[in-house]
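Reading the structure
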Amino acid sequence: MKTSDAATEITRASKSNLAFAFIAMSGARRRDITTFYAFCRVIDDIADDNVRDPETKRRELARWRRSLRGEFANEPALAKPVRHLILTYPITPEMLEEIITGVEMDVDIRRYATWDELRVYCHRVASAVGLVSIEIFGYKNPQCRDYAITLGLALQMTNIIRDVTDLKADRIYLPAQDLARFHYNERDLRNHLADSRFTQLMNFEAARAEKFFADAARLLPLEDRRSMLPAEIMRSIYHALLRRMKLDNFRIFEKGYRLSKLEKSGRVTAQFLNCFLNFRRRASV
């Protein structure tokens, strides 16, 4: 299987909302964002693998770091096309290494004491992904970097809320400070106790995510709405997911939350329409 085919297969198999947003792209940029996403998926799978021991995970992630710097011996299969991204776009090895550092936190860290600590993790595994992605999308206004950082925080917080009960790896992402604020503890979480304290805690985390969504929408430059269309599709899908959980009073212990393909398709169409209308509006000025 060719490397490009392998990247496409990894992306398709992930069934990710991010992969769904690629419908807004075509040609070389779509191929390259698919390669980048496959890289993110591969390193994330290393950290999440329950079979590999921590030392093996660190060794494999270190191999990825060396390959990004041009050490070709025994390199991962996707290393060459990922290095091609560095040569093609304003992407540095350090930008990709920050994502590796983020997933490596999942190897070594099981708890976060404060939001400030969790924010570092969210930046590395989500905002850093956004910063690389916008270089592949292409943009004109440097403010797109702030947009990417903020949107990454919104998306990752939505993921954390949705997956709050995923304790298979003994990881709790909700900051201990937030749990204490609502007198809710780890035992309550493990016992799936969905009382008023839990609802208040989830509303608190959702409000944080909502602010990031609102800030991202405000930060997106008008002239870059077309190039950021894939990111806007992501924003629309994840924001709808967050609102669904909130309207349903966060019944996260009872059910999984996701949008259907039809709902996602509707949001893709709406974003294309918004983009077209904004273009017409700018052209008429």
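Attention in this report is confined to the structure presented alongside it. (Residues numbered from 1 in each chain as written. Predicted model: local features only at pLDDT ≥ 70, side-chain atom pairs only at ≥ 80, totals over all residues. Heavy atoms only, no water.)

**As for the overall build of the protein**
Looking only at helices and strands, the protein has 13 helices and zero strands in total. Each helix and strand of the protein, placed in order from N terminus to C terminus, yields the pattern α-α-α-α-α-α-α-α-α-α-α-α-α. Within the protein, the fraction of its 285 residues that count as buried is 49%. By sequence separation, contacts in the protein at least 24 residues apart represent 72% of the contacts at least 6 residues apart. Per element, the accessible surface of the protein, about 14200 Å² overall, is 52% carbon and sulfur. (Helix = DSSP H or I, 4+ residues; strand = E, 2+ residues; numbered from the N terminus. Buried < 20%, exposed > 50% of the residue type's maximum accessible area, 1.4 Å probe, protein only. Contact = heavy atoms within 4.5 Å. Areas by Shrake-Rupley, 256 points an atom, 1.4 Å probe, with all protein chains shown as cover.)

**Details of the side chain of Asp-188**
Within the secondary structure layout, Asp-188 lies in helix H10 (residues 186–190). Excluding residues within four positions of it along the chain, Asp-188 makes contact with His-183, Leu-193 and Arg-197.

**Here's the deal with helix H12 (residues 229–247)**
The first and last C-alpha atoms of H12 sit 27 Å apart over 19 residues, in line with the 27 Å expected at 1.5 Å per residue. Judged by how many residues are buried, H12 sits mostly within the fold: 15 of 19 residues are covered. Positive backbone phi, at 60°, marks Asn-249, one or two positions downstream of H12. (Expected span 1.5 Å × (residues − 1).)

**What to know about the packing of aromatic side chains**
What characterises a pair of aromatic rings is the spacing of the ring centres plus the angle enclosed by the ring planes. For the structure shown, the criterion picks out nine aromatic pairs. Through pairs of rings, three or more aromatic residues link up here, namely Phe-36, Phe-39 and Trp-64. (Phe/Tyr/Trp six-rings, centres within 6.5 Å; stacked < 30°, edge-to-face > 60°.)

**Some thoughts on the packing of helix H8 (residues 144–162) against helix H11 (residues 196–219)**
It is at 8 Å that the axes of H8 and H11 come closest, and there the two elements cross at 155°. Between H8 and H11, the crossing angle belongs to the class labelled roughly antiparallel. For the pair H8 and H11, the sense of crossing is left-handed. Only Met-202, Glu-205, Ala-206, Arg-208, Ala-209, Phe-212, Phe-213, Asp-215, Ala-216 and Leu-219 of H11 make contact with H8, whose side of the interface consists of Asp-146, Tyr-147, Thr-150, Leu-151, Leu-153, Ala-154, Leu-155, Met-157, Thr-158 and Ile-161. (Axes fitted to C-alpha atoms, helices over the stretch in contact; angles between N-to-C directions. Parallel < 35°, antiparallel > 145°, perpendicular 65-115°, else oblique. Left-handed = near helix turned anticlockwise from the far one by under 90°.)

**Quick word on the packing of helix H4 (residues 54–68) against helix H5 (residues 79–88)**
A pair of packed helices is characterised by two quantities: the angle between their axes and the separation of those axes. Close contact between H4 and H5 brings their axes to 9 Å; oriented N to C, the two are set at 50°. Of the possible angle classes, the one that applies to H4 and H5 is oblique. In the packing of H4 onto H5, the handedness of the crossing is right-handed. Counting all contacts with H4, which are made through Trp-64, Ser-67 and Leu-68, the residues of H5 involved are Ala-79, Val-82, Arg-83 and Ile-86.

**What to know about H4**
For H4, built from 15 residues, the straight-helix expectation of 21 Å at 1.5 Å per residue is met to within 8% by its first-to-last C-alpha distance of 21 Å. When H4 is considered as a whole, its buried residues turn out to be Thr-56, Lys-57, Leu-61, Trp-64, Ser-67 and Leu-68. The buried residues of H4 occupy an angular sector of 130° when projected down its axis, which confines them to one face. Buried residues belonging to H4 abut helix H3 (27–48), H5 and helix H6 (93–108). Among the residues of H4, the N-terminal cap falls to Asp-53, whose side-chain oxygen and the backbone nitrogen of Glu-55 are separated by 3.0 Å. Directly beyond the C-terminal end of H4, a positive phi value near 100° is found at Gly-70. (Arc of directions from axis to C-beta. Polar contact = N/O pair within 3.5 Å; in protein donor to acceptor, adjacent residues only side chain to side chain.)

**Thoughts on the pattern of salt bridges**
A full pass over the atoms with the stated rule returns 30 salt bridges. Across the salt bridge formed by Arg-58 and Asp-108, the nearest N and O atoms sit 2.7 Å from each other. Taken as a pair, Arg-58 in helix H4 and Asp-108 in helix H6 lie far apart in primary sequence, 50 residues in all. According to the relative accessible area criterion, Arg-58 is partly exposed, its value standing at 29%. Judged by relative accessible area, Asp-108 falls into the partly exposed class, the value being 45%. Across the pair Arg-218 and Asp-215 runs a salt bridge whose closest N-O atoms are separated by 3.5 Å. Taken together, the residues span about one helical turn, with Arg-218 and Asp-215 both in helix H11 at a distance of three residues. Residue classification places Arg-218 among the exposed residues on the basis of a relative accessible area of 57%. Each of the salt bridges in this network shares a partner with another, and the network as a whole consists of Arg-111, Asp-170, Glu-186 and Arg-190. (Salt bridge = Lys/Arg side-chain N within 4 Å of Asp/Glu carboxyl O.)

**What to know about the nonpolar core**
One finds Phe-36, Phe-39, Trp-64, Leu-96, Leu-118, Phe-198 and Met-202 to be the most contacted residues of the largest nonpolar core, which totals 88 residues. Looking at this core, the elements that each hand over two or more residues are H3, H4, H5, H6, helix H7 (115–137), H8, H11 and H12. Other than its neighbours up to four places away in sequence, Phe-39 contacts Trp-64, Leu-78, Val-82, Leu-96 and Ile-100. (Core = buried A, V, L, I, M, F, W, Y, C linked by side-chain atoms within 4.5 Å.)

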